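Structure at a glance
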Amino acid sequence: MQRHDLPEVLKRLAALAELYGAKPPTPAAAELWAHVLGECSIDDVRAALTDWPKARAKMPLPSEILALARERMSERVEAQAKREAAAARVDWTPDKLAPA
């Protein structure tokens, strides 16, 4: 997540705070959110914040959103590795290896 993504994240956090009757992040807390989520893509953070209220009944902590964003990233990397492995498979059957 880039620094310029912080306003969008704060807007989503403010909406969650309103939903859960909590206080939105203060400027100091916003800095911590930015630091904690700095390693994540905005798409993963956005998805984690969007999916949060589907299964949870409390305001998220930065560590919880980080864990969800990391999980999404890991799933994406594993899926890409599987696609690349499938594309790179070589048919090693004897009839394919025999000289023509």
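All figures in this text were calculated on a predicted structure; none of them were measured in a lab.

Take Asp5: it is sitting in the segment before helix H1 (6-20). The buried charged residue Asp5 lacks any salt bridge, with Arg46 as its nearest oppositely charged partner at 5.6 Å. A distance of 2.9 Å separates a polar side-chain atom of Asp5 from the backbone nitrogen of Gln2.

Our next topic: the side chain of Asp44. With respect to the helices and strands, the residue Asp44 is situated in helix H3 (residues 42-55). Given the relative accessible area of 3%, Asp44 is considered buried.

What follows deals with H1. Compared with the 21 Å implied by 1.5 Å per residue over 15 residues, the 21 Å span of H1 between its first and last C-alpha is a close match. Against the buried residues of H1 lie helix H2 (27-36) and H3. Following H1 by one or two positions, Gly21 has its phi on the positive side, about 70°.

Conventions we followed
Residue numbers restart at each chain and count upward from 1, following the sequence in its written direction. Local features are withheld for residues below a pLDDT of 70 in this predicted model, meaning they are given only at 70 or higher, and side-chain atom pairs are given and counted only at 80 or more; totals for whole chains, interfaces and linings count all residues. With hydrogens and water stripped out, all remaining heavy atoms of the structure feed into the side-chain values. Put simply, DSSP marks the helices as runs of H or I at least four residues long and the strands as runs of E at least two long, and each gets a number from the N terminus on. We call a residue buried when its accessible area falls under 20% of the maximum for its residue type, exposed when it is over 50%, and partly exposed in between, using a 1.4 Å probe and counting protein chains only. His is not counted here, nor are the chain ends, while Lys and Arg score as positive and Asp and Glu score as negative. We define a salt bridge as a side-chain nitrogen of Lys or Arg found within 4 Å of a carboxyl oxygen belonging to Asp or Glu. Any pair of nitrogen or oxygen atoms within 3.5 Å is treated as a polar contact; in protein, a donor-acceptor pairing is required on top of that, and neighbouring residues in sequence qualify only through side-chain atoms on both sides. Helix span, as expected, comes to 1.5 Å for every residue beyond the first. Here, residues are in contact when the closest pair of their heavy atoms is within 4.5 Å.

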